[in-house]
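Chain and residue survey
Given next are the chains, with one letter for each unit.
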Amino acid sequence: MLSECQNTQARLARSPHKRVPTSRTPQQRFCVSSMSRSKRYLSVFCSVVWSVCASLPAHGRSRLTRLHDLPEAHFKEGDVIPHLLHQSWKTPTLPSAAHEAWRQSWLEQNPSWRVVLWTDEQNRALVQNHFPWLLAFYDTLEGVYRADLVRPLYMHLYGGVYADIDFVALRPFDELLQRQSQDVHLILGQDCGWLIDRSKSKREQVCSEYDQSIPNAFMASTPKHPFWSYVIIQILKAASVPNTEWENPAVITGPKPLFHALQQYNQHAADNGLHTDVEVLLDEVYPLSWTEHDVDLGCCFVWDSNTLNVDCCRDMFPNSWVMTFWSATWQQ
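Small disclaimer: the values here were computed from a predicted structure and weren't measured. (Residues numbered from 1 in each chain as written. Predicted model: local features only at pLDDT ≥ 70, side-chain atom pairs only at ≥ 80, totals over all residues. Heavy atoms only, no water.)

Of the regular secondary structure elements, the chain holds 13 helices and 10 strands. Across the 332 residues that make up the chain, the buried fraction comes to 54%. Across the chain, contacts joining residues at least 24 apart in sequence account for 79% of those joining residues at least 6 apart. Carbon and sulfur atoms make up 50% of the accessible area of the chain, which amounts to about 15500 Å² in all. (Helix = DSSP H or I, 4+ residues; strand = E, 2+ residues; numbered from the N terminus. Buried < 20%, exposed > 50% of the residue type's maximum accessible area, 1.4 Å probe, protein only. Contact = heavy atoms within 4.5 Å. Areas by Shrake-Rupley, 256 points an atom, 1.4 Å probe, with all protein chains shown as cover.)

Bringing the environment of methionine 323 into the picture now. As for its placement among the helices and strands, methionine 323 is situated in strand E10 (residues 322–324). Expressed as a C-alpha distance, the spacing of methionine 323 and tyrosine 286, which sit 37 residues apart in the sequence, is 5.6 Å.

Residues Val127, Leu134, Leu188, Phe227 and Trp228 are the most contacted members of the largest nonpolar core, which totals 41 residues. Those elements that provide at least two residues to this core are strand E2 (114–118), helix H5 (120–130), helix H6 (135–140), helix H7 (143–158), strand E5 (186–189), helix H10 (227–240), helix H11 (249–252) and helix H12 (255–271). Those residues in contact with valine 127 that lie beyond four places of it in its chain are Pro132, Leu134, Leu135, Tyr138, Val150 and Leu153. In terms of nonpolar packing, the next biggest core, distinct from the first, is built from 37 residues, Trp102, Trp106, Val161 and Leu288 among them. (Core = buried A, V, L, I, M, F, W, Y, C linked by side-chain atoms within 4.5 Å.)

This part is about the confidence of the model for the chain. Scored by pLDDT, the chain comes out at a mean of 75, with 66% of its residues at no less than 70. Low confidence marks residues 1–73, where pLDDT is under 50. Its contacts with residues over four positions away, or in another chain, come to 96 contacts. (pLDDT = per-residue confidence, 0-100.)

We now examine the pattern of salt bridges. Scanning the model with the defined rule gives 5 salt bridges in all. When the shortest N-O distance is used, the salt bridge between arginine 151 and aspartate 148 registers 3.5 Å. Of this pair, arginine 151 and aspartate 148 both sit in helix H7, separated by 3 residues, roughly a single helical turn. For arginine 151, a relative accessible area of 8% translates into the label buried. (Salt bridge = Lys/Arg side-chain N within 4 Å of Asp/Glu carboxyl O.)

Reading across from one edge, E2-E1-E3-E6-E5-E7 is the order of the 6 strands in this open sheet, with mixed pairing throughout. This sheet does not close on itself; its edge strands, each paired only once, are E2 and strand E7 (278–281). Recorded for the sheet is a direction-independent mean angle of 20 degrees between the axes of neighbouring strands. Pairing between strand E1 (residues 84–88) and E2: 5 bridges, direction parallel. Looking at E2, one finds that leucine 84 is bridged to arginine 114. Contacting E5, strand E6 (218–221) and E7, H12 crosses the sheet at an angle of about 140 degrees to E7. (Pairing = 2+ DSSP bridges. Axes fitted to C-alpha atoms, helices over the stretch in contact; angles between N-to-C directions.)

Moving on: the side chain of glutamine 87. Relative to the assigned elements, glutamine 87 resides in strand E1. With relative accessibility at 0%, the residue glutamine 87 sits in the buried group. A polar contact of 3.4 Å, which involves the side chain of glutamine 87, links it to the backbone oxygen of alanine 163. Residues in contact with glutamine 87, not counting those within four places in the same chain, are Arg103, Trp106, Val116, Leu117, Trp118, Tyr162, Ala163, Asp164 and Ile165. (Polar contact = N/O pair within 3.5 Å; in protein donor to acceptor, adjacent residues only side chain to side chain.)

Looking now at the state of the cysteines. If you walk through the whole model with that rule in mind, you get 2 disulfides. With a sulfur-sulfur separation of 1.8 Å, cysteine 299 is cross-linked through a disulfide to cysteine 312. On the sign convention where negative is left-handed, the bridge of cysteine 299 and cysteine 312, at about 85 degrees about the S-S bond, is right-handed. A residue pair is termed long-range when its members are at least 10 positions apart, and cysteine 299 in the loop between E7 and strand E8 (301–302) and cysteine 312 in helix H13 (residues 310–316) qualify at 13 residues. The class for cysteine 312 is buried, based on a relative accessible area of 11%. (Disulfide = S-S within 2.5 Å.)

Here you go:
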């Protein structure tokens with residue numbers, strides 16, 4: 001990928017207005033047409049987007065890497081998503097006792113899983129070592145924008161589950177994975193915030209029209225899933241538009257790019273006669289909307305004492321495997 005990016009940048013430098021003469025897969029042609037629709041793109045973004053496009057598989061259904069490409073302990077027989085939890089914070093020390101309690105729930109409910117807490121320093125090293133063509137862009141970002149950008153990179157490289165540090169595991173995640181079809185290789189959650197309607201059919205209809213309804217607070221996938229290339233492209237496109245809302249990370253690196261990536265990915269599957277391999281969950285992941293973060297949770301969690309009672313939370317949310325308290329640590 002790096003050599004392709006370097007070659008493309010060299011060609012752009014010699015003749016930035018000429019099309020690069022190369023053989024392209026249908027996915028790459030889609031990316032090129034997306035770039036050509038906007039003359040506002042800077043050449044650096046064009047070359048970076050092209051390098052992402054070049055990494056897409058030539059055959060749209062090449063979804064799953066072989067299981068022996070990752071350590072055997074990360075998989076359970078019959079599952080396609082590694083038993084690996086990614087979380088991220090500035091340093092190895094979480095910001096509060098509440099976050100420590102929430103993290104402990106993952107260890108208790110999923111004792112066989114590997115749990116990784118990525119720090120800011122490790123995040124930059126990951127970009128530098130595995131995505132060097134993206135490093136210059138990464139270094140222009142700050143705070144939560146950087147943290148958002150590396151989340152799809154975790155998923156691309158390693159697969160598994162990403163969850164914000166204010167998520168609690170209510171049940172063993174193996175149970176949720178075993179419920180999914182073998183054709184499901186990627187799981188996202190959906191929350192409509194103030195548009196929420198507890199009727200599932202109505203909620204699905206309203207959420208489908210709200211472009212920030214797919215939070216990047218929880219994601220799960222196989223490694224090397226092509227969807228994550230779509231996400232990176234959407235982030236780069238959002239960042240390159242003049243007068244971008246940089247005060248709102250949800251628009252640049254968060255839920256909005258994820259929403260549009262999902263739309264494009266599913267549309268591409270439909271255009272090629274394929275069934276999508278993405279499952280979008282509702283109450284299973286987000287029983288509390290982000291607009292309900294300050295509700296009284298009773299015995300589930302007592303804020304004053306940072307006391308978490310997972311049994312009580314399970315009783316309160318019988319259809320959920322995880323939940324988040326929406327503590328907005330990204331603002332810290």
